[in-house]
Amino acid sequence: MKSVTADKRSNKGTQRKDQMNPDELSPSFASEAKMINLTACRYFLEVLHLGSIRLAADRLHVSPSAISRQIAKLEREFGEPLLDRRANGVQLTEAGKLAGEHFASILGQIDLIRGEMSDLRKLKSGNVSIATVDGITDPYLSEQILAFRKKFPAVDFRMRIRGRERVLEALEKRVCQLGFVYDHFSHPMIEIVGQWRQPLLALVPPSHALADGRTLKLSEIADCDCVLPDDSYGIHHLVHRAFRKFGARPKSIMIADQLHFLIRHAIRSNSIVYVPLQAALREVEEGELVPLKLDCPDFEHRFIYAIVRRDQRRSPACDAFITMLTSNFPKYEKSDASMLKRLFTREVRS
């Protein structure tokens, strides 16, 4: 017993793995988690998400060697290589995939504990992590976050803006607590907690030849130049499905993965841009873009969905934010409908 006590003192209370009884070792990552460094877990997950140690280092503002050292420690701890290091980046080994799933769960639990602690302090602090398509980030989400933080100024937000498939992936991997996507989707792990009707619009500059208030079929604008988001967006697939119904393809002169760029490019090139109203609200309000009066049922009944992972426990701050957001959806939906009615009426009169 004395020698064990001495060992513990010399190792500052931590028993070395090679001194432990083999029967006490468990292959599960859950039991190993108590021995690993949370910073190393976060570094590893960032490498997993970006596919590159260098990119992860840039994102985390640390040196690549610091990340490599931490991952090497994890590999020694588990006795398995977690990454296959290649000239063009890194690839997860089978052990790395398993580790990534467990690390995300461990860090998610820690965030949950922090959130529940904040609940005990009546939401004086906490965190909300969001993954969203960029169609509602500005002004809607930005304004909602500001309003929420006026009540709870110590709540921190982390926002990831990406295409629909990446939003679903972020929830699936527990990287985020809340997501926003546009258009219909199907995913067994994902639950809809709110929806906001957002018809897909064909917007053009007021100088466009078709911006005269007449009702148009989609087939009548098939030969017009347009700009489209890339295939990581639900809008891309929705537009292509609608055009395929009459054997055509949209005449896209620009495809990009950023809606704001596409909107500005449509204005400069006098082209059509297909987006929901919230994605181009500022440009519509300022008269830089107007909606075509399009008779296209495929575009009418579309929604922005607030979504969560079914089995993920969220922080109290996140649940409070979801409640605030979804209670406002009907008001904003009504406001959007009024604006579009006013715009279409104005176009007919002009």
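Our subject is the structure listed above.
Residues numbered from 1 in each chain as written. Predicted model: local features only at pLDDT ≥ 70, side-chain atom pairs only at ≥ 80, totals over all residues. Heavy atoms only, no water.

Draft legend 1. Highlighting the environment of Leu55. Take Leu55: it is sitting in helix α4 (residues 53–60). Sequence separation between Leu55 and Gly89 is 34 residues; the distance between their C-alpha atoms is 9.5 Å. (Helix = DSSP H or I, 4+ residues; strand = E, 2+ residues; numbered from the N terminus.)

Draft legend 2. The arrangement of empty space enclosed by the protein in detail. Per the stated rule, a full pass over the model turns up 1 cavity of 30 Å³ or more. Taken as a whole, the largest cavity spans an internal volume of roughly 70 Å³. Grouping the constituent residues of the lining of the largest cavity by class yields 7 nonpolar, 2 polar and 1 charged. (1 Å grid on protein atoms, 1.4 Å probe; cavity = no way out; pocket = protein on both sides within 12 Å on 5 of 7 lines; lining within 4 Å. Points joined across faces, edges and corners; volume = space filled by probe spheres on them. Nonpolar A, V, L, I, M, F, W, Y, C, P; charged D, E, K, R; others polar.)

Draft legend 3. Examining the packing of helix α3 (residues 38–50) against α4 more closely. Closest axis-to-axis distance for the α3/α4 pair is 8 Å, and the angle between their directions is 120°. By the angle between their axes, α3 is oblique relative to α4. As for how α3 packs across α4, the hand of that crossing is right-handed. In this structure, α3 uses Tyr43, Glu46, Val47 and Leu50 to contact α4, whose residues at the interface are Ile53, Leu55, Ala56, Arg59 and Leu60. Residues that form the contact of α3 with α4 fall into these classes: 7 nonpolar, no polar and 2 charged. (Axes fitted to C-alpha atoms, helices over the stretch in contact; angles between N-to-C directions. Parallel < 35°, antiparallel > 145°, perpendicular 65-115°, else oblique. Left-handed = near helix turned anticlockwise from the far one by under 90°. Contact = heavy atoms within 4.5 Å.)

Draft legend 4. Structural detail: the packing of aromatic side chains. This model, assessed by the stated rule, comprises 15 aromatic pairs. Measuring from ring centre to ring centre gives 5.0 Å for Phe157 and Phe321, while their planes differ by 70°; the resulting arrangement is edge-to-face. Taken together, the residues Phe157 in strand β4 (residues 155–161) and Phe321 in helix α13 (residues 316–349) connect sequence positions 164 residues apart. Judged by relative accessible area, Phe157 falls into the partly exposed class, the value being 23%. Phe321 gets classed as buried once you look at its relative accessible area, which sits at 0%. Ring geometry for Phe243 against Phe246: centres 5.5 Å apart, planes inclined by 45°, an arrangement best described as tilted. Phe243 gets classed as buried once you look at its relative accessible area, which sits at 1%. Of the aromatic side chains, those joined through ring pairs into one cluster are Tyr140, Trp196, Phe329 and Tyr332. (Phe/Tyr/Trp six-rings, centres within 6.5 Å; stacked < 30°, edge-to-face > 60°. Buried < 20%, exposed > 50% of the residue type's maximum accessible area, 1.4 Å probe, protein only.)

Draft legend 5. Summary view of the environment of Ser129. Inspection of the secondary structure assignment puts Ser129 in strand β3 (residues 126–132). Each C-alpha atom of the pair Ser129 and Cys176 lies 4.9 Å from the other, and the pair is 47 residues apart in sequence. A polar contact is formed between the side chain of Ser129 and the backbone nitrogen of Gln177, at a distance of 3.0 Å. (Polar contact = N/O pair within 3.5 Å; in protein donor to acceptor, adjacent residues only side chain to side chain.)

Draft legend 6. View of the sheet that holds β3. The sheet built from 5 strands is open, its strands ordered β4-β3-β5-β14-β6 with mixed pairing. The sheet terminates laterally at β4 and β6 (190–197), the two strands that pair on one side only. Going from strand to strand, the sheet's axes swing by 20° on average, the running direction of each strand aside. Bridging between strand β5 (residues 178–182) and strand β14 (residues 303–309) involves 4 bridges; their strand directions are antiparallel. Looking across to β14, one finds that Phe180 is bridged to Ala306. Packing against the sheet, helix α8 (residues 164–172) makes contact with β3, β5, β6 and β14, and its axis sits at approximately 155° to β5. (Pairing = 2+ DSSP bridges.)

Draft legend 7. Structural view of α3. Taking 1.5 Å of rise per residue, the 13 residues of α3 would be expected to cover 18 Å, and the 18 Å separating its terminal C-alpha atoms lies within 8% of that figure. Taken residue by residue, α3 has Ala40, Cys41, Tyr43, Phe44, Leu45, Glu46, Val47 and Leu48 as its buried positions. Where α3 starts, the residue carrying a side-chain oxygen 2.6 Å from the main-chain nitrogen of Thr39 turns out to be Asn37. Directly beyond the C-terminal end of α3, a positive phi value near 70° is found at Gly51. (Expected span 1.5 Å × (residues − 1).)

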